[in-house]
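The residues making up each chain are set out below.
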Amino acid sequence: MKTSDTSAIFVIFGGTGDLSHRKLMPALYNLVNDGLLPERFAVVAVGRKEKSREVYQQEVYASLQKYSRNKITKTHWARLRDAIYYFSFDFNDSAGYQRLHTYLEELDSTRHTGGNRIFYLAVAPDYFPQIVAELQRHRFVPAEHGWQRLVIEKPFGKDLSTARSLNSQLTRVFSEDSIYRIDHYLGKEMIQNILVLRFCNSVFTSLWNNQYIDHIQISLSEQDGVGTRGGYYESAGAIRDMVQNHIIQILTLVAMEPPVDLSTDAIRNEKLKVIQAIADFTPEQFRSDVVFGQYGPGMINGQPVPGYRSEPQVSPTSLTETFVAFKLQINNFRWAGTPFYIRTGKRLSSRSAEIAIQFKTLPPILYFKDRMVQEPNLLVIKIQPETGVYFQFNTKDFMSHHDIVATKMDTSCVLPTQGNTPEAYERLIYDILRGDTTLFPRWDEIEAAWKFADQLIAFRDQQRFRFPNYDAGSWGPAKSFELLARDGREWITV
Ligand code: BG6
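Residues numbered from 1 in each chain as written. Predicted model: local features only at pLDDT ≥ 70, side-chain atom pairs only at ≥ 80, totals over all residues. Heavy atoms only, no water.

1. What about the overall build of the chain?
Here's step 1: Along the chain, the regular secondary structure elements total 15 helices and 19 strands.
Here's step 2: The C-alpha radius of gyration computed for the chain amounts to 24 Å, which stays within 12% of the reference 23 Å derived for 494 residues, consistent with globular compactness.
Here's step 3: Once the C-alpha set of the chain is aligned to its principal axes, its extents read approximately 80 × 50 × 45 Å.
Here's step 4: Put simply, the chain has 494 residues, and 55% of those count as buried.
Here's step 5: Looking at the chain alone, contacts between residues at least 24 apart form 78% of all its contacts between residues at least 6 apart.
Here's step 6: Surface summary for the chain: the accessible area is close to 21,900 Å², and the carbon and sulfur share equals 53%.
Here's step 7: Of the side-chain charges in the chain, 56 are positive and 56 negative, and the distance between the mean point of each set is 1 Å. (Helix = DSSP H or I, 4+ residues; strand = E, 2+ residues; numbered from the N terminus. Rg over C-alpha atoms; globule rule 2.2 N^0.38 Å. Buried < 20%, exposed > 50% of the residue type's maximum accessible area, 1.4 Å probe, protein only. Contact = heavy atoms within 4.5 Å. Areas by Shrake-Rupley, 256 points an atom, 1.4 Å probe, with all protein chains shown as cover. Lys, Arg positive; Asp, Glu negative; His and termini not counted. Charge placed at Lys NZ, Arg CZ, Asp CG, Glu CD.)

2. Topic: the site of the ligand
Here's step 1: In the vicinity of the ligand there are 14 residues, among which Tyr185, Lys188, Glu222, Asp241 and His246 approach most closely.
Here's step 2: Contacts to the ligand include Arg229, whose side-chain N or O atom sits 2.9 Å from an oxygen atom.
Here's step 3: Out of a free accessible area of 390 Å², the ligand has 88% covered by protein chains.
Here's step 4: In terms of residue count, the dominant contributor to the shell around the ligand is helix H10 (residues 237-255) (3 residues).
Here's step 5: In terms of residue class, the shell around the ligand is built from 2 nonpolar, 5 polar and 7 charged. (Near = heavy atom within 4 Å. Polar contact = N/O pair within 3.5 Å; in protein donor to acceptor, adjacent residues only side chain to side chain. Nonpolar A, V, L, I, M, F, W, Y, C, P; charged D, E, K, R; others polar.)

3. Considering unusual backbone geometry
Here's step 1: Across the junction of Lys154 and Pro155, the peptide omega takes the value 5 degrees, indicating a cis bond.
Here's step 2: Tracing the backbone through its elements, the reader meets Pro155 in the loop between strand S5 (148-152) and helix H6 (160-171).
Here's step 3: Cis geometry marks the peptide bond from Phe467 to Pro468, where omega comes out at -5 degrees.
Here's step 4: Despite not being glycine, His112 has its phi angle at roughly 55 degrees, a positive value.
Here's step 5: Of note, His112 is situated in the loop between helix H4 (94-111) and strand S4 (117-121).
Here's step 6: With a relative accessible area of 47%, His112 lands in the partly exposed category.
Here's step 7: Phi angles above zero are rare outside glycine, and Arg347 is one such case at about 55 degrees.
Here's step 8: Within the fold, Arg347 resides in the loop between strand S13 (340-345) and strand S14 (352-359).
Here's step 9: For Arg347, a relative accessible area of 13% corresponds to the buried category.

4. Considerations on the side chain of Ser88
Here's step 1: The residue Ser88 is located in strand S3 (residues 84-88) in this model.
Here's step 2: Side chain to side chain, Ser88 and Glu50 meet in a polar contact 3.4 Å long.

5. Here we look at the sheet that holds strand S2 (residues 41-47)
The pairing of strands in a sheet comes from backbone hydrogen bonds and takes either a parallel or an antiparallel form.
Here's step 1: Judged by pairing direction, the sheet is parallel, and its 6 strands sit side by side in the order S3-S2-S1-S4-S5-S6 without closing on themselves. Because the sheet does not close on itself, it has two edges, and the strands there are S3 and strand S6 (179-181). Each strand of the sheet is rotated relative to its neighbour by a mean of 20 degrees, with strand direction disregarded.
Here's step 2: Note: S4 against S5, 5 bridges, orientation parallel. Bridging from a neighbouring strand, Leu121 pairs with Ile152 of S5.
Here's step 3: The strands touched by helix H3 (residues 74-83) within the sheet are S2 and S3, with S3 carrying the most contacts at an inclination of about 30 degrees.
Here's step 4: Each of strand S1 (8-13), S4 and S5 touches helix H5 (residues 128-137); the most contacted strand, S4, lies at about 155 degrees to it. (Pairing = 2+ DSSP bridges. Axes fitted to C-alpha atoms, helices over the stretch in contact; angles between N-to-C directions.)

6. With respect to H3
Here's step 1: Considered for burial, the residues of H3 that qualify are Trp77, Leu80 and Ala83. Each buried residue of H3 lies within a common arc of 130 degrees when the element is viewed along its axis, so the set occupies one face. Those residues of H3 that are exposed and angled more than 90 degrees off the buried face are Lys74 and Thr75. (Arc of directions from axis to C-beta.)

7. Some details on the packing of aromatic side chains
Here's step 1: Evaluation of the coordinates by the stated rule reveals 32 aromatic pairs.
Here's step 2: Ring geometry for Tyr341 versus Trp491: centroids 6.4 Å apart, planes at 80 degrees, classification edge-to-face. Residue Tyr341 is located in strand S13, and its partner Trp491 is located in the segment after helix H15 (478-485); the two are separated by 150 residues in the primary sequence. As far as the burial class goes, Tyr341 and Trp491 line up, both buried.
Here's step 3: Three or more aromatic residues joined by ring pairs form one cluster here, namely Phe281, Phe286, Phe292, Phe326, Phe452, Phe459, Phe465 and Phe467. (Phe/Tyr/Trp six-rings, centres within 6.5 Å; stacked < 30°, edge-to-face > 60°.)

Structural data, given as structure tokens:
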């Protein structure tokens, strides 16, 4: 449901945290910069620490200097600053919610925000149920006026059963269409471009199936280690951190059928079917088609870096995977027989996120009669650090009579900022204001993704890993290369 009334109070629980400073505030600033924030708008940062509004505004200003993609101008900063408020209380203090309620109502009358609220939970997920229950107890929801939306960050549960329980607690208070589950990958430019590429180009639309596509790779590699997030990552690992959410979401967009129209539910319905059609792994496939890894010490950009087990808050005998690669099949008429290879890991040789679509080769006749090797047509959707599309096709070499060479067309370029970018958050926050949930996974997608991820987690938990099994700065465990080599394929890097 899209709303025309975008005026709102944006309440951030965890307003002093990293996410607010690095992503949310820069995103809000850039929305001001682009003229996309409504006139009637206020941000209320909620945090435990006592501090004045002015001090908080100054802290935000310092963060904007570091993290905003646009330079901070006086006019735009003045606009955002005037909309920023700070409210201090402890989430465990039930009485504090009543004070907050009164505070927001007073703000409504000065900022003319009509009771519209966005509750952004930028706090540890353990707090979600409690905060939401308090919002109901103190009648923030349902409210007499305006709309109320809930925004949560991942992880959405630790497995299917915890996710179900969390979801039932949230949906007791907020309806499904007012819950925005952030997957910041869906805010990235090239992820949004997947459907445009597929459904606005007859050449791709007509070839996008198992008749013409040999296989597809989705590869999200990071150079960074876990940094200061060891505590969280120890119980997450790559499957929960990247596969259950970002990878599955990308897979749905690459593999879905054309929706009947561009409405939110039409798109989400098709995405869901993809997850439901992922074939279960047999015990043999688990053993042969899934590779886990954990980084040991190594070199990144010429500098020595520690292994995962020496990172802060990580057990020296940890068996958490920082890398996973696997092959999956989608059991439907479009994809049966065309494998998808997935790879994601930390402390790899370089940072990149790419989707590679390799088309089938031609029969070895005519030009390819005497050739051992035929370069396949290749479409690579580059998500980051370069953003754009690469396409490879065969032509005659200009200088020779017969030589066939692979011609490479590359539209990609490096955007000024990268990564878990404010841009992704800008787009997502803008959509939350408009009430557009298309770029947010629906509960049944999350549920189906957990069913899939739980299989991998259960298999992982039965293993006796000999970790670490790859050096920081490499491309991961040797077995991940064998996974493709066995099928006569290799990981594509362009
Ligand atoms: C987050 C994960 O969701 O995505 C992090 O929790 C990961 O571990 C990050 O580093 C990657 O995002 P991006 O946008 O930098 O590729």
